[in-house]
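Commentary on secondary and tertiary structure
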Amino acid sequence: MDGFLFHIHRGMLEFVGFEVLDPVITYGPARMTERERAAALDSVRESVARIAATAPATAR
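Everything numeric in this text was worked out from a predicted model, so none of it was measured. Residue positions are given per chain, counting from 1 as you read along its sequence in written order. In keeping with the model being predicted, local features are shown solely for residues with a pLDDT of at least 70 and side-chain atom pairs are shown and tallied solely at 80 or more, while totals for entire chains, interfaces and linings include all residues. With hydrogens and water stripped out, all remaining heavy atoms of the structure feed into the side-chain values.

Some details on the overall build of the protein chain
This is how it is decided: Runs of H or I in DSSP of at least four residues are treated as helices and runs of E of at least two as strands, each being numbered from the N terminus. Here the globule rule reads 2.2 Å times residues to the power 0.38, and the radius of gyration is calculated from C-alpha atoms. Burial here depends on accessible area, computed with a 1.4 Å probe over protein chains only, as a share of the maximum for the residue type. Under 20% is buried, over 50% is exposed, and the range in between is partly exposed. In this description, accessible areas are obtained by the Shrake-Rupley approach with a 1.4 Å probe, and a residue is regarded as covered only by the protein chains that are shown. Positive: Lys, Arg. Negative: Asp, Glu. His and the chain ends are not part of the count. A charged residue contributes its charge at one atom only: NZ of Lys, CZ of Arg, CG of Asp or CD of Glu.
Summing up its helical and strand segments, the protein chain has two helices and zero strands in all. Here the protein chain has a C-alpha radius of gyration of 15 Å; the compact-globule value for 60 residues is 10 Å, and the former is much larger. For the protein chain, the C-alpha atoms occupy an extent of roughly 40 × 30 × 15 Å along the three principal directions. Classification of the 60 residues of the protein chain by burial places 8% in the buried group. Accessible area of the protein chain: about 5,600 Å², with a carbon and sulfur share of 60%. Of the charged side chains in the protein chain, 7 are positive and 8 negative; the average position of the first set lies 5 Å away from that of the second.

Description of the environment of A53
Tracing the sequence through the fold places A53 in helix 2 (residues 34-54). Accessibility expressed as a relative area gives 65% for A53, which makes it exposed. Residues A53 and V16, 37 residues apart in the sequence, show an inter-C-alpha distance of 25 Å.

Quick notes on the pattern of salt bridges
As a reminder of what qualifies: We count a salt bridge whenever a side-chain nitrogen from Lys or Arg sits within 4 Å of a carboxyl oxygen from Asp or Glu.
Scanning all chains against the criterion turns up three salt bridges. Its salt-bridge partner being R37, residue E34 comes within 2.7 Å of it at the nearest N-O pair. In this pair, E34 and R37 both sit in helix 2, three residues apart, roughly one turn of the helix. On the basis of relative accessibility, which here comes to 59%, the residue E34 falls in the exposed class. Salt-bridge contacts for D42 lead to R45; the nearest nitrogen and oxygen are separated by 2.9 Å. Of the two residues, D42 and R45 both sit in helix 2, three residues apart, roughly one turn of that helix. Classification of R45 by relative accessible area gives exposed; the value is 52%.

Notes on the environment of I25
Within the secondary structure, I25 sits in the loop between helix 1 (2-13) and helix 2. In this structure the C-alpha to C-alpha distance between I25 and A55, which are 30 residues apart in sequence, comes to 21 Å.

Below, the structure written as structure tokens:
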């Protein structure tokens, strides 16, 4: 997946100044059980919470 995303992250986003975060990838969510899907969503929530906790506050 890193090879696939490299050109998007590096060539498009970093090129124009964005700081690219590590992706949260879930493989085959349509084939997951409810419990597996809930665990995958929890992983996304934790990732977003970590980003929010470490992001610097900006004045608008």
